Each structure stands twice: as structure tokens, then as C-alpha cells.
Amino acid sequence: MKAKNSFKDHATGQQNEISENSRLNVEKIRSHLLETVEETHRREVMEANAVKDMMDRKRLQEAAEKTNATRLAHIEDLANYFTEFEQSEHYIITSNDFRDMIGTSAYGETLAITKSLASGDPNSSEWQHDLSVSYRILGDIALTQGNLKKAASAYGEALAIARSLAESDPTNILWKRDLLLRDCKFGDLLAVQGKLEEAAGIYRRNLSSIKKLTEVDPTNSWWRRDLLVCYKKLGNVALTQGELKKAASAYGEALAIAQNLVENDPTNSLWRCDLMVCYGKLGEVAVKQDNLKKAASACREALAISKSLVESDPTNTLCQQDLSLSYWRLGAVAEMQGKLEKAANAYSESIAILRKLVEGDPTNNKLQKELSESYRDLDNVKTMQGMAFNVKSSDDS
């Protein structure tokens, strides 16, 4: 019978936000870049909309859209470019490497220009902000590669710039938010290092500050999502520490926000993904609390959302991986409950998805490993079914 401590973590890309230093791949980089472009675009549009003169406002709005289109056009090239370096087992990204490495790519040229402009015009808040975002991406990349020293250095650069912007304009709420997000990255770094109490301290501090931001504008979905993420990070820390009640409480807060975001915007895939992750986390806590009925319910909720995400974007391999994992988790809970037929069916669904993913990416060792483990789980269940059948046959005779 499957042990409760063997329950896999459920999050987009199948990542554990605290303990797993995962390998860099094209979809993670693409996700980081998209997040950055979206964040910058939102800021530029908000600034344009705040301009009183109609002609100037229209000009800035058009410029924001044009610049955003250019950035989006460069994302795929840069994501693929970074992935080439993942093949080098000992390659570590440093700030100098980063600058030199991406100099030949279209987006890299844009980034190099941004750094040059930020240096040439240190009073430009726009260029300084973009530079802060660039360092944050660099820190994220280093963190995914397990290079904690380089991650800390890059996050430090990003935080210093964000702090300078916030201090230069204390009334600018966007700069305040940027400062909070950059500070939160050090919590992620501490969590990966196993310094959970220190990480939780940063998360709690940011949670309090973000709550104040949401009070200024309760309708701002992104700020509410920031709040959701803080609760989820606190839940992760508590779960790792074995403080299950605290974890359930934090995940419950995150779930409530996710549900509200989805209710207000049912087609937003990011909100739906957040909701899926929250249900998955609550299911994980329930398993550790030996509340398998509650765990099964949470896993079914996560599975339903996973299915809808795949239906909305059938070519998205991350969504397909999450769907496979959702089936696996439902199977694991069923196995713990002794419902072997349901477990076998769920594992089989998971395997079918993984097989297609492996066929599409045969060099992906992570997918190969998950497929092998899923076959092993299915074989174990079939073995138990055979044992149960033999016992029943013996009793009947």
C-alpha cells in the first residue's frame, strides 16, 4: 500500500517551490519571460492611462502596445537560446555570462540596450525598472540551476534597484509592489536553503504589506494574486515543517482568493491554474492528516480544473503534465483507501498522457522517470488486486 509520504507535489510544471532545484528548460524560461513582459506591459498601460492630455495618452498607449508586441516576438528565441546551455552539465550563469551570452539574440540585444540606457540615464525610472526585472530573471534562472550564490547576487541587484525606485517616489504604489516582489525572492532563496523560519518571516512581512495594497484597490486582481502567492508560500513552509494545521489554514486562504479570481474571470487560465494548485496542496495536507476522503475530494477538484486547462490549450505540455499528475494523485489516494480498481484506472490515465509526452520529447529524462514510476505504481496495484483475488478464491473454496 502506498505510503502517505510518497505523495507527489502538485503544481504547474510539477515543481516543489521550496525544496526542488529543478533543471532549466525552455518552458520555464518562457514562463519567466512572459511574466516579465506582462508585468512591464501592465505598468506601461497604467502609466499611459493616467496621462490627462488625450493626444499624449493615445500616443503612449500605442507605444506601449507596439513595444509589448516587440517583446513578445522575442520571447521564443530567447527561451530556446537559454535552453541550449542547459545541455552543458557544469554551465553556470553569471551576470557577465548572461550579458555576453544573450548578446547575439534579438531579445538579448534589447536587454543589453536597456542596461546601457539605465546606466546612461540613471534618473529614468522606466529603464531602472526594466533593469531590476532583468536581474530578477537572472536570479530565477540561477535558482533553477541550483546556483544559490549567483541567485542571491542577482536578487540583491534587483532589490537594490526596486528599493531605490520606491524611495525616490514614496507615493508610487507600483514601485512599492515591485519592492515587495523583489524582497519575496529572498524568501524563496532562504526556503531552498532550508532556512524556513527566515523565509516565513519574509513572507509574513510581505503578506502584511500586500494586504495594505489590496485595501487601496480591492478590485486589482494582480495584487490579490500577490496575496494568494504569499499565502501559498507560507503554506509550503508550514507543510515542509510538518505544521499541518498552519499549512491547511494558509492554503485555505489562498484557495478563497483563487476561487474569487476565477469567479470574476472564468476564462483566465492563470487564475484557474492557481485554483488547481491550491486544491492540490490541500489534498496533500489532507493525505498527511490521514483524511483520505477530504484528500480525494480535493484531488477530484484539481483534476476537473486540469482537464479544463488542457481542453483550453491542448498543445500546452505543462498543462498535460499537470493532468497526468492529477490522475496520478487521484490514483494514489484511491490506493491508500484500498480502492484498487479506481487506483489502477487513474494510474492508467496518467500513463497514457505521459507516454504521449515522452513520444513528443524522447530525450526528457524527467518525463521518462515519471513514466517508469507510474508503470511501477500500476504494477503494484495489479499485484495487490491479484493477491486479493487469490485470497477471495481461497475463501470461496
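Conventions and cut-offs
- Residues numbered from 1 in each chain as written.
- Predicted model: local features only at pLDDT ≥ 70, side-chain atom pairs only at ≥ 80, totals over all residues.
- Heavy atoms only, no water.
- Helix = DSSP H or I, 4+ residues; strand = E, 2+ residues; numbered from the N terminus.
- Buried < 20%, exposed > 50% of the residue type's maximum accessible area, 1.4 Å probe, protein only.
- Contact = heavy atoms within 4.5 Å.
- Areas by Shrake-Rupley, 256 points an atom, 1.4 Å probe, with all protein chains shown as cover.
- Disulfide = S-S within 2.5 Å.
- Phe/Tyr/Trp six-rings, centres within 6.5 Å; stacked < 30°, edge-to-face > 60°.
- Core = buried A, V, L, I, M, F, W, Y, C linked by side-chain atoms within 4.5 Å.
- Salt bridge = Lys/Arg side-chain N within 4 Å of Asp/Glu carboxyl O.
- Expected span 1.5 Å × (residues − 1).
- Polar contact = N/O pair within 3.5 Å; in protein donor to acceptor, adjacent residues only side chain to side chain.
- Axes fitted to C-alpha atoms, helices over the stretch in contact; angles between N-to-C directions.
- Parallel < 35°, antiparallel > 145°, perpendicular 65-115°, else oblique.
- Left-handed = near helix turned anticlockwise from the far one by under 90°.
- Nonpolar A, V, L, I, M, F, W, Y, C, P; charged D, E, K, R; others polar.

Undergrad: Tell me about the overall build of the protein, and please be specific about residues and values.
TA: Broken down by element type, the protein carries 15 helices and zero strands. Looking at the protein as a whole, 49% of its 397 residues are labelled buried. When contacts within the protein are restricted to residue pairs at least 6 apart in sequence, those whose partners lie at least 24 apart make up 64%. Total accessible area computed for the protein in this model is approximately 19500 Å², and 51% of it derives from carbon and sulfur atoms.

Undergrad: Give a description of the state of the cysteines that names residues and reports values.
TA: Evaluated as defined, the whole model comprises zero disulfides. Left without a disulfide partner, Cys184 is nearest to the cysteine sulfur of Cys230, which lies 4.3 Å away. With no disulfide of its own, Cys319 lies 6.7 Å from the sulfur of Cys273, the closest cysteine sulfur.

Undergrad: Run through unusual backbone geometry, naming residues and quoting values.
TA: Unlike most non-glycine residues, Asp290 shows phi in positive territory, near 65°. Structurally, Asp290 is set in the loop between helix H11 (269-288) and helix H12 (292-312). Classification of Asp290 by relative accessible area gives exposed; the value is 56%.

Undergrad: Break down the packing of aromatic side chains for me, with residues and values.
TA: Inspection of the entire model under this criterion finds three aromatic pairs. Between Tyr155 and Phe186 the ring centres are 6.2 Å apart and the planes differ by 65°, which places this aromatic pair in the edge-to-face class. Note that Tyr155 is positioned in helix H6 (residues 148-168) and Phe186 in helix H7 (residues 173-192), a separation of 31 residues in sequence. When its relative accessible area of 1% is taken as the criterion, Tyr155 is described as buried. Pairing Trp222 with Trp271 gives two aromatic rings, centres 5.1 Å apart and planes at 65°, and the pair type is edge-to-face. With Trp222 in helix H9 (residues 221-241) and Trp271 in helix H11, the pair connects residues that are 49 residues apart, well separated along the chain.

Undergrad: Describe the nonpolar core, with residues and values.
TA: The tendency in soluble globular proteins is for nonpolar side chains to be buried side by side. Within the largest apolar cluster, 67 residues are counted, with the highest numbers of intra-cluster contacts made by Tyr203, Leu228, Leu275, Met276, Tyr347 and Val381. Each residue touching Val381, except ones within four places of it in the same chain, is listed here: Glu335, Leu340, Ala343, Ala344 and Tyr347. One finds Leu138, Ala158, Ile161 and Ala166 within the second-largest nonpolar core, a separate group that totals 10 residues.

Undergrad: Requested: an account of the pattern of salt bridges, with residues and values cited.
TA: All told, the structure shown has 10 salt bridges when counted by the stated rule. Residue Asp183 pairs with Arg205 through a salt bridge whose shortest N-O separation is 2.6 Å. Note that Asp183 is positioned in helix H7 and Arg205 in helix H8 (residues 196-216), a separation of 22 residues in sequence. Relative accessible area serves as the criterion here: at 13%, Asp183 is assigned to the buried category. For Arg205, a relative accessible area of 45% translates into the label partly exposed.

Undergrad: Report on helix H10 (residues 244-264), specifying residues and quantitative values.
TA: Spacing of three or four residues puts side chains on the same side of an α-helix, whose turn is 3.6 residues. Here H10 spans 30 Å end to end across 21 residues, near enough to the 30 Å set by a 1.5 Å rise per residue. Of all the residues in H10, the buried ones are Leu244, Ala247, Ala250, Tyr251, Ala254, Leu255, Ile257, Ala258, Leu261 and Val262. Check the buried side of H10 and you find it contacts H9 and H11.

Undergrad: Break down H7 for me, citing the residues and quoting the values.
TA: Between its terminal C-alpha atoms H7 stretches 29 Å, which fits the 28 Å expected from 20 residues at 1.5 Å a residue. Counting buried positions along H7 yields 15 of 20 residues, so the element is predominantly enclosed. Sitting at the head of H7, Asn172 places a side-chain oxygen 2.9 Å from the backbone nitrogen of Leu174. Looking one or two places after H7, you find Gly194, whose phi comes out positive at around 85°.

Undergrad: If you had to explain the side chain of Lys185 to someone new, which residues and values would you point to?
TA: With respect to the helices and strands, Lys185 occurs in helix H7. Relative accessible area serves as the criterion here: at 18%, Lys185 is assigned to the buried category. Excluding anything up to four places from it in sequence, Lys185 contacts Arg136, Asp140 and Tyr155.

Undergrad: Residues and numbers for the packing of helix H5 (residues 125-144) against H7, please.
TA: The contact between H5 and H7 brings their axes to 12 Å, and the two run at 15°. Between H5 and H7, the crossing angle belongs to the class labelled roughly parallel. Of the two elements, H5 crosses H7, and the hand of that crossing is left-handed. On H7, the residues that touch Ser125, His129, Ser132, Val133, Arg136, Asp140 and Leu143 of H5 are Trp175, Asp178, Arg182, Lys185, Leu189 and Val192. Class assignment of the residues belonging to the contact of H5 with H7 gives a composition of five nonpolar, three polar and five charged.

Undergrad: Give a description of the packing of H9 against H11 that names residues and reports values.
TA: With their axes 12 Å apart at the nearest point, H9 and H11 run at an angle of 20° to one another. Taken together, the axes of H9 and H11 lie roughly parallel to each other. Along this stretch, H9 crosses H11, giving a crossing that reads as left-handed. Across the interface between the two elements, Ser221, Trp222, Arg225, Leu228, Lys232, Asn236 and Leu239 of H9 pack against Leu270, Trp271, Asp274, Val277, Lys281, Glu284, Val285 and Lys288 of H11. Residue classes in the contact of H9 with H11 are distributed as seven nonpolar, two polar and six charged.

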